Amino acid sequence: MALGVGIVGLPNVGKSTLFNAITKAGALAANYPFATIDKNVGVVAMPDERLNALQKLYIKGERIPPIVPTSVEFVDIAGLVRGAHKGEGLGNQFLAHIREVAAVAHVVRCFEDTNIIHVEGKVDPIADIETIDTELALADLQSLEKRMERLRKSSRTNKDDKELLDVAEPVYALLDQGRPAREYVHSDPEAQARAFKVLTLLTSKPGIYVANVAEEDLPDGANNPHVAALRAHATKQGAEVVVISARIEAELGDLEADEAAEYLQSLGLEEPGLNRLIHIAYRMLGLRTFLTAGVQEVRAWTIRAGTKAPQAAGVIHSDLERGFIRAEVVDWEKLVTAGGIPGAKERGWLRVEGKEYVVQDGDVMNILFQV
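Rules used throughout
- Going along each chain's sequence as written, the residues are numbered from 1 onward.
- Thresholds applied to this predicted model are a pLDDT of at least 70 for local features of residues and 80 or more for the giving and counting of side-chain atom pairs; totals over whole chains, interfaces and linings are not thresholded and use all residues.
- Working from all heavy atoms in the structure, the side-chain values ignore hydrogens and water.
- Salt bridges are identified by distance alone: a Lys or Arg side-chain nitrogen within 4 Å of an Asp or Glu carboxyl oxygen.
- For the purposes of this entry, the term helix denotes a DSSP run of H or I that reaches at least four residues, the term strand denotes a run of E that reaches at least two, and both are numbered from the N terminus.
- Type-normalised accessible area, obtained with a 1.4 Å probe on protein chains alone, sets the label of each residue: buried when under 20%, exposed when over 50%, and partly exposed for intermediate values.
- Strand pairing is assigned whenever DSSP identifies at least 2 bridges connecting the two strands.
- Under the pairing criterion, centres of Phe, Tyr and Trp rings, with the six-membered ring standing for Trp, must be within 6.5 Å; the plane angle then separates stacked pairs below 30 degrees from edge-to-face pairs above 60, leaving the rest tilted.
- Think of it as a cone above the ring: NZ of Lys or CZ of Arg counts as a charge over the ring if it is within 6 Å of the ring centre and within 35 degrees of the ring normal.
- The convention used is that axes are lines fitted to C-alpha atoms, helices contributing only their stretch in contact, and that angles between N-to-C directions extend from 0 to 180 degrees.
- Note that the term roughly parallel is reserved for angles under 35 degrees, roughly antiparallel for angles over 145, roughly perpendicular for angles of 65 to 115, and oblique for everything else.
- Any two residues having at least one pair of non-hydrogen atoms within 4.5 Å are treated as being in contact.
- Polar here means any residue other than Ala, Val, Leu, Ile, Met, Phe, Trp, Tyr, Cys and Pro, which are nonpolar, and Asp, Glu, Lys and Arg, which are charged; Gly is therefore polar.
- Across the chain, each position has a pLDDT score giving the predictor's confidence in that residue, from 0 to 100.
- The hand of a helix crossing depends on one turn: near helix anticlockwise from the far one by less than a right angle means left-handed, and clockwise means right-handed.
- Definition of a polar contact: a pair of N or O atoms within 3.5 Å, with one able to donate and the other able to accept a hydrogen when the atoms are protein atoms, and with sequence-neighbouring residues admitted only if both atoms are side-chain atoms.

Participant: Honestly, the pattern of salt bridges in this entry has me stumped. Any pointers?
Facilitator: Should the charged atoms of two oppositely charged side chains come close, the side chains can pair. Scanning the entire structure with this criterion turns up 14 salt bridges. Across the salt bridge formed by Lys15 and Asp76, the nearest N and O atoms sit 3.3 Å from each other. Of this pair, Lys15 sits in helix H1 (residues 15-23) while Asp76 sits in strand E4 (residues 71-76); the two residues are 61 residues apart in sequence, bridging distant segments of the chain. Exposure class is identical for Lys15 and Asp76. Each is buried. With its nearest N and O atoms 3.8 Å apart, the salt bridge here joins Arg299 to Glu297. Residue Arg299 is classed as partly exposed on the basis of its relative accessible area, which comes to 27%. For Glu297, a relative accessible area of 29% corresponds to the partly exposed category.

Rendered as structure tokens:
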């Protein structure tokens, strides 16, 4: 299953500049449409202060345990223009690439600059969003229309196809009203999840808006009318907005740590905007992190929300899942407060959990197994 976050937007809104800042992968950023001709993929480590705190806990003399963070995959997708569902611009390529990702980060231009061409001739974030949403919805309508023709025949004798058709038809009606597939709610969530997995609808993917602003609008774009309009739009959709200056983030990436910290302070920022984007993207993908810690290594492991202890152990090694007996679990913050496992035991914070335990974000786990 795809786990990437697709970075989408109209041409010249700052997508590739943002992608470069995130991954330092060097995607071409130029002042003309379709500078990104093919998709670019970058994997970025997720900032996690919990790892640093645990690392300090397990330093022994000169021995400092290495940190291994978890990561998020970002995909920079070619800019979309009006008519993409009919193949205009790089429409076919855009739609194919966005179909492969699990979630979408929609970069919206919220800055004025006469030196940077806007493909629609003016800065209007809501109009930009509607352009892309319309193209995605039209592509979904085309896809569903073809599929429903086949399903109406096969569903008479095939139970799975009948279940698929029962989702496809109301979703089609929703799309026809200009609303995204993600707004559809089935009485059976599992049936909906199965159907959406098969239908691979573009508008069913969760999303976040990235407001790309000028330096003077940092830290939160409070006085920027474009950002205000975007936030109002996002609230209606239940989506989140991250305010970022892609240019500033790119500059931060070229600085040493102490220089970057000083620069952030001068801008009134506690951390780079990218950190917020990465954390929200990770959560939006339905991912959670558990930790293992010791003198040899402090490491973050990625699991899906709702994962039980044996399956989480299997992420470390298949033998741990196969021979799982139980897990010793403590919240990372309590472990740090207690000064280690002995202190956590004394305070009653170290728990023993079995096969039905659902692992929580921030759990530090020690897996007991036998094969």
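Back to the write-up after that little detour.
Participant: Would you take a moment to explain the environment of Ala228 for this structure?
Facilitator: Within the secondary structure, Ala228 is located in helix H7 (residues 225-237). In this structure Ala228 comes out as partly exposed when scored by relative accessible area, which is 43%. Sequence-wise, Ala228 and Cys110 are 118 residues apart; in three dimensions their C-alpha atoms are separated by 9.8 Å.

Participant: Would you explain the pairing of strand E9 (residues 298-304) in this entry?
Facilitator: Residues in a regular strand point their side chains to alternate faces of the sheet. In terms of strand pairing, strand E3 (residues 67-68) meets E9 through 2 bridges, oriented parallel. Pairing of Val68 across the sheet is with Arg299, part of E9. In this structure, strand E8 (residues 287-293) lies alongside E9, joined through 7 bridges in antiparallel fashion. Residue Thr289 lies in a different strand from E9, and its bridge partner there is Thr302.

Participant: Explain the packing of aromatic side chains to me, please; I cannot follow it from the model alone.
Facilitator: How two aromatic rings sit relative to each other is set out by the distance from centre to centre and by the angle between their planes. Considering all chains together, one arrives at 1 aromatic pair under this definition. Relative to Trp301, the ring of Phe290 has its centre 6.4 Å away and its plane inclined at 20°; by these criteria the two rings are stacked. Of the two residues, Phe290 sits in strand E8 while Trp301 sits in strand E9, which places them 11 residues apart along the sequence. The lysine or arginine in question, Arg299, covers the ring of Trp301, its NZ or CZ lying 4.2 Å from the ring centre.

Participant: So what exactly am I meant to see when it comes to the packing of helix H5 (residues 159-176) against helix H6 (residues 189-199) here?
Facilitator: A pair of packed helices is captured by two measures, namely the crossing angle of their axes and the spacing between those axes. Following both chains from N to C, one finds H5 and H6 inclined at 80°, their axes separated by 9 Å at the closest point. Classified by the interaxial angle, the pair formed by H5 and H6 is roughly perpendicular. The residues of H6 that touch H5, namely those facing Glu163, Leu164, Val167, Ala168 and Val171, are Ala191, Gln192, Arg194, Ala195, Phe196, Val198 and Leu199. Looking at side-chain class alone, the contact of H5 with H6 contains 9 nonpolar, 1 polar and 2 charged residues.

Participant: Looking at this structure, how should I read the sheet that holds E4?
Facilitator: Ordered in space as E2-E4-E1-E5-E6-E7, the 6 strands form an open sheet in which the pairing is mixed. One side of each edge strand has no neighbouring strand; the edge strands of this open sheet are strand E2 (40-45) and strand E7 (240-244). In this sheet, neighbouring strand axes are inclined to one another by 25° on average, regardless of whether the strands run parallel or antiparallel. As defined by bridge partners, strand E1 (residues 5-8) adjoins strand E5 (residues 103-109) across 4 bridges and the pair is classed as parallel. Each bridged residue has a counterpart across the sheet, and for Val8 the counterpart in E5 is His106. In the packing of helix H4 (residues 125-154) onto the sheet, contacts are made with E5 and strand E6 (207-212), and the angle to E5 comes to roughly 145°.

Participant: Any chance you could explain the confidence of the model for the protein chain here in plain terms?
Facilitator: Caution applies to low-pLDDT regions: their predicted coordinates should not be interpreted in detail. Of the residues in the protein chain, 89% reach a pLDDT of 70 or more, and the chain-wide mean stands at 88. Across residues 32-37, confidence stays below pLDDT 50; counting only partners more than four residues off in sequence or on other chains, it has 18 contacts.

Participant: Looking at this structure, how should I read the packing of H4 against H5?
Facilitator: Where H4 meets H5, the axes come as close as 9 Å, and the angle between the chain directions of the two elements is 145°. Crossing of H4 over H5 shows left-handed handedness. The segment H4 lies against H5, with Ala137, Asp140, Leu141, Leu144, Glu145, Arg147, Met148, Leu151, Arg152 and Ser154 engaging Asp161, Leu164, Leu165, Ala168, Glu169, Val171, Tyr172, Leu175 and Asp176.

Participant: Help me out: how do you make sense of the environment of Arg156 in this one?
Facilitator: By secondary structure assignment, the location of Arg156 is in the loop between H4 and H5. With relative accessibility at 70%, the residue Arg156 sits in the exposed group. Polar side-chain contacts of Arg156 include one of 3.4 Å to the backbone oxygen of Arg152.

Participant: For this particular structure, what's the right way to read the environment of Ala211?
Facilitator: Within the element layout of this structure, Ala211 appears in strand E6. Residue Ala211 is classed as buried on the basis of its relative accessible area of 0%. In this structure the C-alpha to C-alpha distance between Ala211 and Val242, which are 31 residues apart in sequence, comes to 6.0 Å. Here Ala211 is in contact with Val108, Cys110, Val227, Leu230, Val241, Val242, Val243 and Ile244, once residues within four sequence places are set aside.

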